[in-house]
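Listed here are the chains, written in short residue letters.
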Amino acid sequence: MAETKMDLSHLKKEVVVKPAAAQKSTQPEAPGKPKIDKQGRAYATGRRKDSVARIWIKPGKGHVVINDSPLEEYFGRPTLRMILNQPFVAAGRTGSYDVVCTVKGGGLSGQAGAIRFGISRALINFEPELRKVLKVGGFLTRDSREVERKKYGRAKARRSFQFSKR
């Protein structure tokens, strides 16, 4: 067989350069505007399991009121109180905001998680530059785990009744 050499110069295409406006910029995006109501509060909603929390935050001394009760009275366990303060600690704003919230549904653990998620979102509505810090901490991701329903013929969702040979 004879070897043939082909000239590939006819396949060469011109390189198209995109205008500068179409290229992605490497500068970080500017944070959005704060969303504050007429009373100087930022509002957000948080959800976890079956709990729904409505949160209002405003600058203050760090008082937290849940369903017209102080934080220590509503959440007796220190771990639940710690969960609520996590967004403030991560953002470095401990004791600088007053929180008023109403929460319905679920148990205490789900309610604490809903309030934490709502506080994180409300902080971003008040100070948009905190978004990156809270996102890295995982406070802006809704925990979508729900309780699995009970199935018929079972004791619970997956547990069977005890087997007996007799």
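The structure we're discussing is the one just above.
Predicted model only: the values in this text are computed from it and were never measured. (Residues numbered from 1 in each chain as written. Predicted model: local features only at pLDDT ≥ 70, side-chain atom pairs only at ≥ 80, totals over all residues. Heavy atoms only, no water.)

### Quick word on the layout of surface pockets
Considering only enclosed or pocket space, the largest pocket measures out at about 180 Å³ in volume. Taken together, 14 residues form the lining of the largest pocket, with R48, G113, R116, T141 and D143 sitting closest to its centre. Contributions of two or more residues to the lining of the largest pocket are made by β1 (42–48) and α3 (108–126). With five residues, the top contributor of residues to the lining of the largest pocket is α3. Split by residue class, the lining of the largest pocket holds three nonpolar, five polar and six charged. (1 Å grid on protein atoms, 1.4 Å probe; cavity = no way out; pocket = protein on both sides within 12 Å on 5 of 7 lines; lining within 4 Å. Points joined across faces, edges and corners; volume = space filled by probe spheres on them. Helix = DSSP H or I, 4+ residues; strand = E, 2+ residues; numbered from the N terminus. Nonpolar A, V, L, I, M, F, W, Y, C, P; charged D, E, K, R; others polar.)

### What to know about the side chain of R48
Here R48 lies in strand β1. Separated by 3.4 Å, the side chains of R48 and D143 make a polar contact. Aside from chain neighbours lying at most four places away, what touches R48 is G110, G113, A114, R142, D143 and R145. (Polar contact = N/O pair within 3.5 Å; in protein donor to acceptor, adjacent residues only side chain to side chain. Contact = heavy atoms within 4.5 Å.)

### A look at the nonpolar core
One finds I55, I57, I66, F75, I115, L123 and L134 to be the most contacted residues of the largest nonpolar core, which totals 29 residues. When residues of this core are traced back to their parent elements, those giving at least two are β1, β2 (51–59), β3 (64–66), α2 (78–91), β5 (97–104) and α3. Take this core: its biggest share by element is eight residues, from α3. If we ignore the near neighbours within four places in the chain, the residues touching I115 are A53, I55, I66, F75, L84, C101 and V103. (Core = buried A, V, L, I, M, F, W, Y, C linked by side-chain atoms within 4.5 Å. Buried < 20%, exposed > 50% of the residue type's maximum accessible area, 1.4 Å probe, protein only.)

### Overview of the pairing of β5
In the sheet, β2 pairs with β5 via eight bridges, with the strands oriented antiparallel. In the sheet register, I55 faces β5, and the bridge partner there is C101. Taken together, the three bridges between β3 and β5 define a ladder with parallel strand orientation. What sits directly across from V64, in β5, is V99. (Pairing = 2+ DSSP bridges.)

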